[in-house]
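# Coordinate inspection notes
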Amino acid sequence: MEKNIKKTSLIKAIISSLVIAATTLILFILPAEYNIDPTGVGGTLGFTVFNEPLNEKQRIAEPTSNNLEEKRVLLTIPAGRGIEYKLAMAKFEKVSYQWQTNKGPVYVDLHGEPKGDTSGYFESYTIATVDHMKGSFTAPFDGSHGWYWKNTTDSAIEVQLTFSGQYIVEGLK
Amino acid sequence: MFSKFTLSIFVIAALIIIPLTSFQTFAHGVDETTRHFLLNNSGVQLTPFMYIGAKHMVTGYDHLLFLVGVLFFLYRGKEVLLYVSLFTLGHSLTLLTGVLANITVNAYLIDAIIGLSVVYKGFDNLGGFKHYLGKQPNTKVAVLIFGLFHGFGLATKIQAFELPSEGLVSNLIAFNVGVELGQFFALMFILLVINVWRRYESFNRFTTTTNTALMSAGFMLVGMQLTGYFIN
């Protein structure tokens, strides 16, 4: 059933498969998947972009403890994808918010997930397909509260989100 | 002569391109749409779960590469059926028991083993075991055992969502049925391409190259998943 080949060609097959695999991993896959780029080739060819934007945005989005000043973040929803931006809030804490897209409506689901819950349960406060929204909400329970946006178009959409109130930023999920 | 050449180029290109296209979206786990669906729905949802299972299989390059390796030298319908049934038996067993008994295995490690199964099959096809061990390990047992690991891989994808227990069994079975449908669909294409190619002399000329490429792809999967394991 299997092929009988000479010992030298078998060794050649093993070595070349390993060399090809190692080269592809180091030059392309590791830079793209994990932002590990020992040779710099991945970065030069643009394979590390999958990791960069997220890191940058998280840096903007992260930080802070409870605060009442207005916070502003710019989020990008890639084409055909959904993103989630969450705030950790205790029960009865309140947040006022406002957001708008740079082009056209997106599907949005403002919701909260109870702290420590593993069943996947969540409660939606607002579901709509709009290009902007303004309002406030009070957390009905301790947990993670925020927005899920879905971009069904074939180009990236930016969302400018401003919010203030009592929260700890969890950021993009 | 020209058409043979074109055909072999097409097959090799397909073997290289198909796994690459799904790299980003499915490299680890399930895509965004599926994720949102899984997080938003509870209760029995037969057809959606079936669809997710089928999609996972059709776009799961690691499963497909293994099947290419298994089917490479099988051309009799009976044999194809036997080997595919063994693979199905193996992965269904661990998919169902893994999720229901809540056995958690590290997703990276299991995916690395799945990568290893691709290497194994490529090496086996090259006659490597016969050469170094003097005999070939039982290929049916090997397919069954690797089937068990592939099933654990599928189980980790489902477990990542911590699905509610309500309707879990039905959803899981629907997912499993979807996996088999997706596998059937993918198999048709793999068999079609391999069997057409088999008629040409280039099939024999490229046997070593194809299985070397298979091994190499397997090594890439192993390397990628192990790196993921160590940095997470």
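The rules behind these values
Residues numbered from 1 in each chain as written. Chains lettered and ligands numbered in written order. Predicted model: local features only at pLDDT ≥ 70, side-chain atom pairs only at ≥ 80, totals over all residues. Heavy atoms only, no water. Contact = heavy atoms within 4.5 Å. Buried area = accessible area lost by both parts, 1.4 Å probe. Salt bridge = Lys/Arg side-chain N within 4 Å of Asp/Glu carboxyl O. Polar contact = N/O pair within 3.5 Å; in protein donor to acceptor, adjacent residues only side chain to side chain. Helix = DSSP H or I, 4+ residues; strand = E, 2+ residues; numbered from the N terminus. Nonpolar A, V, L, I, M, F, W, Y, C, P; charged D, E, K, R; others polar. Pairing = 2+ DSSP bridges. Axes fitted to C-alpha atoms, helices over the stretch in contact; angles between N-to-C directions. Buried < 20%, exposed > 50% of the residue type's maximum accessible area, 1.4 Å probe, protein only. Patch = residues over 30% accessible without salt bridge, like charges linked within 9 Å, V, L, I, M, F, W, Y side chains within 5 Å. Areas by Shrake-Rupley, 256 points an atom, 1.4 Å probe, with all protein chains shown as cover.

### Brief notes about the interface of chain A and chain B
At the interface, 36 residues of chain A touch 40 residues of chain B. Taken over both partners, the interface formed by chain A and chain B buries close to 3200 Å², and the fraction arising from carbon and sulfur atoms is 63%. At the junction of chain A with chain B, the criterion picks out zero salt bridges. On inspection of chain A and its partner chain B, the count reaches three residue pairs in polar contact (both at pLDDT 80 or more). Looking at the side of chain A that touches chain B, the element that brings in the most residues is helix α1 (residues 7-34) of chain A, giving 17 residues. For the side of chain A that touches chain B, the class distribution of residues is 19 nonpolar, eight polar and nine charged.

### Side note on the sheet that holds strand β5 (residues 123-130) of chain A
Residue and element names in this part refer to chain A. The five strands are arranged β5-β4-β7-β2-β9 in an open sheet whose pairing can be described as antiparallel. On the outer flanks of this sheet lie β5 and β9 (168-172), each paired with one strand and no other. Strand-to-strand twist in this sheet, taken as the mean axis angle between neighbours without regard to direction, amounts to 15°. Bridge count for strand β2 (residues 82-89) against β9 is four bridges, and the pairing is antiparallel. Bridging from a neighbouring strand, Ala88 pairs with Ile168 of β9.

### Regarding unusual backbone geometry
Phi angles above zero are rare outside glycine, and Phe92 of chain A is one such case at about 75°. Positionally, Phe92 of chain A belongs in the loop between β2 and β3 (94-101). The residue Asn102 of chain B is not glycine, and still its phi comes out positive at about 55°. Locating Asn102 of chain B in the fold gives a position in the loop between α6 (77-100) and α7 (107-125). Taking the relative accessible area as the measure of exposure, Asn102 of chain B reaches 55% and is therefore exposed.

### Observations regarding a nonpolar patch on the surface
A grouping of Ile11, Ile15 and Val19 of chain A together with Tyr132 and Leu133 of chain B is seen on the molecular surface, where their side chains present a nonpolar patch of about 470 Å² in accessible area. Within the residue set of the nonpolar patch, elements represented by two or more residues are α1 of chain A together with α8 (128-133) of chain B. Counting residues per element, the nonpolar patch draws most heavily on α1 of chain A, which supplies three residues. In this structure, Leu133 of chain B sits in helix α8. Exposure remark for Leu133 of chain B: the relative accessible area of 56% places this residue in the exposed category.

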